[in-house]
Amino acid sequence: MSSTAPARRPVLYRNGSVYSPADPFATAVLVDGPRVAWVGSEEAARSLQDSSMDVVDLDGRLLAPGFVDSHVHLTETALALSTLDLTAAGSLQAVLDAVAGAARTGHGVVLGSGWDESVWPERRAPTAQELDRAAGGREVYLTRIDVHSGVVSASLARRLGLATVEGWLGDGRVEHLAHDRVRAAALDFDAGRRAELHRLGLHHAAAQGYVALAEANAEQVAPFEDLVHLVALANHGVRAEGPTPRVLPYRGELVGTAAQARAVVERFDAALAELLGRPPRRGESLVGLAGDLCVDGALGSRTAALRAPYADEPSSTGDLYLDPDAVAAHLAATTEAGLQGGFHVIGDAGMDTVLDGLDRAAQLVGERALQGAGHRLEHAEMIDPEGVERLARHAVTVSVQPGFDAAWGGPGGLYEQRLGAGRAAAMNPLASFYRAGVPVALGSDAPVVPLSPWDTVRACLEHHDPEQRISARAAFLASTRGAWRAARHPDPMQGQLAPGTPATFAVWDVEALMVQQAEGTGSSWSTDPRARTPLLPALDGTSLPVCRQTVLDGVELFRSEDF
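Calculation criteria
- Every chain's residues receive numbers from 1 upward, in the order its sequence appears when written.
- Predicted model: local features are reported for residues with pLDDT of at least 70 only, side-chain atom pairs are reported and counted for 80 or more only, and whole-chain, interface and lining totals are derived from all residues.
- Calculation of side-chain values draws on the structure's entire complement of heavy atoms; hydrogens and water are dropped beforehand.
- Strands here mean DSSP runs of E at least two residues long; helices mean DSSP runs of H or I at least four residues long; both are numbered from the N terminus.
- For a helix, the expected span equals 1.5 Å multiplied by the number of residues minus one.
- Burial here depends on accessible area, computed with a 1.4 Å probe over protein chains only, as a share of the maximum for the residue type. Under 20% is buried, over 50% is exposed, and the range in between is partly exposed.
- We call two residues contacting when some pair of their heavy atoms lies within 4.5 Å.
- Counted as a polar contact is a pair of N or O atoms within 3.5 Å, where, for protein atoms, one must be capable of donating a hydrogen and the other of accepting one, and residues adjacent in sequence contribute only when both atoms are in side chains.
- Pairing between strands is defined by DSSP: at least two bridges between the two strands are required.
- Every crossover in which the path from the first strand over the helix to the second runs clockwise, viewed with the strands pointing away from the viewer, is termed right-handed.

Peer 1: Pulling in residues and values, what's your account of helix 7 (residues 191-207)?
Peer 2: The terminal C-alpha atoms of helix 7, which comprises 17 residues, lie 24 Å apart, in line with the 24 Å expected from a rise of 1.5 Å per residue. Along helix 7, the residues classified as buried are R194, A195, L197, H198, R199, G201, L202, A205 and A206. Taken together, the buried residues of helix 7 touch helix 2 (74-82), strand 13 (210-218), helix 8 (224-236), strand 14 (246-252), strand 23 (546-552) and strand 24 (555-559). Its side-chain oxygen 3.2 Å from the backbone nitrogen of G192, D190 forms the N-cap of helix 7. The positive-phi residue at the C-terminal boundary of helix 7 is G209, with phi of around 90 degrees.

Written out as structure tokens, the structure reads:
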């Protein structure tokens, strides 16, 4: 005897504000299964309501499309949530005190993340010997906030044999291959612990109003198996213990031919099929070979590749991991294989390498084919106006993190320390991308910046350079509809709310709603009610909207206890 799950009743949300291009003054929406059935006014909702529906009183709350984070590292985000959080540490001594406190409890390696010596009076990282003393002999591994370098205790360095590995700097700092070895050891989980971390990260994201996350996997970040298990759990419910945000999987693996690109996909599909008990269907595989496929490193760790030396380390211009020929071969191969390609790139010399590679790839496969492939770049922090125009010509999407500017931009910030005032002033040119027609998607790079979507939107409004600020509406669209499109989602209506669109949204407590233009810029969106511009939360106060419910394709991912 077989049984089927009962059909879901339609749900009528009333008495709120609905962010919808179909009706910017809407206060109600009817959800029927996975789709939006109707959007309209309170008066119409009263006549529409009947006993076949469940009714939710929004009580003035905002119902808006759910957020998509275009660049995350889910396992490391969950580790940051469950281990030593050093983001608020204001000094070297504060880190050592935190390590000492953590070492008095539990067992195994003391793990921590988020430290940033650029805001400390000492302006240096803890040494291996200092970590040994603080931890009383326990092994310690602390990742820097940019996750491109870290520090380890002498005891851990000895166990992992780091003294002969490239990237061991002798004083406890690790980068390059030495850091890769430490990260591999730290992320060597059994299946149970891995699933526990994945669930923690996904449920945390849902509670922040995220409906999807673009996972930027690469070998130096997390093993291939980590991505496969994450996709199986999030997108197929394997060991998920409830619905979660969708994962948009990217694998940062360099290829030189279309056959090599297809082989990566086939390897992913085979591993996923083993977990699912069936072959993946169309649209269930890798989105692309992109994400954290690194052309260079990070500014904080002084590994981003620069045209001119670092201001605070004149002997170094950072590290360049790929050349234009490798970039061109990868983009040509992914284009021919029908996949998105892309790279992590931060420094201006790194961007020069990518741009030259794009030009060469266009010669290999043709400009039209290259433009149609949907290639993307992660971060793209240092780029001049000519470079922006070249990205636009090749139709390359940029996946950027406005939270970087909020954390490190402006006078005295990390950018200025590393680059000097002149170069720092030109970082993260958000508005320039928009003006040139470069598609933009927004993300956090969590755990580098916390999963906090309205902080991301606010960072766009408050960019350190007034000329690079964008409106709240532009930032919101880049975090919702634009992010789905950047990941080549097959449903072009995902990320917006109107009759017939997917029922994918979040419900927010808000203090006030308005059309918010970045201060110091011209009016991109009219604030006149007659313009019928949908309203968004006012982000000029100290408090941000609070998520009360998150829904993906009509399925509830999160609901707060008081909603």
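Peer 1: How would you sum up the pairing of strand 13? Please name residues and give values.
Peer 2: Most of strand 13 is tucked away, with nine of its nine residues classed as buried. Relative to strand 13, strand 7 (residues 67-72) runs parallel, the two sharing four bridges. The residue bridging V68 from the neighbouring strand is A212, located in strand 13. By the bridge criterion, seven bridges tie strand 13 to strand 14 in an arrangement that is parallel. Within strand 14, the position partnered with A216 by the bridge is Y250. Taking the sense of rotation as the criterion, the β-α-β connection linking strand 13, helix 8 and strand 14 turns out right-handed.

Peer 1: Mind laying out the environment of I346, listing which residues take part and the relevant values?
Peer 2: When you line up the elements, I346 lands in the loop between strand 16 (340-345) and helix 11 (348-365). In this structure the C-alpha to C-alpha distance between I346 and A326, which are 20 residues apart in sequence, comes to 17 Å. With sequence-adjacent residues up to four places away left out, I346 is seen in contact with D296, G297, A298, L299, A304, H379, E381 and M382.

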